[in-house]
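Coordinates in review
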Amino acid sequence: MNKLVSIVIPTYNRADRLPEAIESCLAQTYENIELIIVDDGSTDITEEVVQPFLQRDSRVRYFKKKNGKLPRALNYGFDRAKGYYLTWTSDDNRYFPNAIEQMVRAQQEFGKDCLVYADYVWKNRITGEERHYSNDDIRKIERTNIIGACFLYTKNIKNAVGEYNPSLFLVEDYDYWLRIYKKFPVVHLKKELYEYWEHKTTLT
């Protein structure tokens, strides 16, 4: 079970929220991870905020590049990923502590390359509203993005499907899931493993 998991965090001017996202990755019960932070040309103190994590935990890697928007930042990170399993998370959201462990177990129980996606909790930082998202009818992916924000796939899938499309900013993930869906099984994990936080600057 102990294969390396690469988690990419693309970030841009979120120095205030980024530490929570980083902490949620480093606190995983599944410890064999590498955390690849891709700073997409931030002009705030992101680099300064990341430094203590680099000094504290050798699993953290940090790269700063010219701003190119989310799909290019993802591709930049995954080009440098060494893991057998791959995933990414937003710089303002949080994994539950057992998220990676549960998704790796689901991958291994399925027994072959697949995209695993889990349920998540949506929270509004402004109003305090909370919703719970779960959808196990994978056929609905043909009409809408049901995968959500908590997922895991293998490097074999990445090699077969290719990169995130730089021309599809804000729908790059949906396009990617559709491309996987056409070639590989997609497995729903009926467990809440992630917190998706909405606020004034959320990308959606």
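Above: the structure in question.
Residues numbered from 1 in each chain as written. Predicted model: local features only at pLDDT ≥ 70, side-chain atom pairs only at ≥ 80, totals over all residues. Heavy atoms only, no water.

What follows covers the pattern of salt bridges. With the rule as written, the count across this model stands at 15 salt bridges. Close ionic contact of Lys 65 with Asp 40 constitutes a salt bridge, the shortest N to O distance being 2.8 Å. Taken as a pair, Lys 65 in the loop between strand S3 (60-64) and helix H3 (70-79) and Asp 40 in the loop between strand S2 (33-39) and helix H2 (46-56) lie far apart in primary sequence, 25 residues in all. Here Asp 40 falls in the buried class, since its relative accessible area comes to 4%. Asp 57 is the salt-bridge partner of Arg 59, the closest N and O atoms lying 2.9 Å from each other. One network of salt bridges, with partners in common, ties together Glu 20, Arg 94, Lys 123, Glu 130 and Glu 195. (Salt bridge = Lys/Arg side-chain N within 4 Å of Asp/Glu carboxyl O. Helix = DSSP H or I, 4+ residues; strand = E, 2+ residues; numbered from the N terminus. Buried < 20%, exposed > 50% of the residue type's maximum accessible area, 1.4 Å probe, protein only.)

Attention now moves to the environment of Thr 46. With respect to the secondary-structure elements, Thr 46 resides in helix H2. Ignoring sequence-local partners within four residues, the contact set of Thr 46 consists of Thr 11, Asn 13, Arg 14, Ala 15, Leu 18 and Asp 39. (Contact = heavy atoms within 4.5 Å.)

This part is about the pairing of strand S6 (residues 115-124). The buried fraction of S6 is high, at 10 of 10 residues. Sheet analysis places S6 next to strand S9 (residues 186-198), joined by nine bridges and oriented parallel. Among the inter-strand pairings, Val 121 is bridged to a residue of S9, identified as Glu 195. Here two bridges tie S6 to strand S8 (residues 151-154), and the two strands are oriented antiparallel to one another. Looking at S8, one finds that Tyr 117 is bridged to Phe 151. Note: S6 against strand S7 (residues 130-133), four bridges, orientation antiparallel. Considered in S7, the bridge of Trp 122 is made with Arg 131. (Pairing = 2+ DSSP bridges.)

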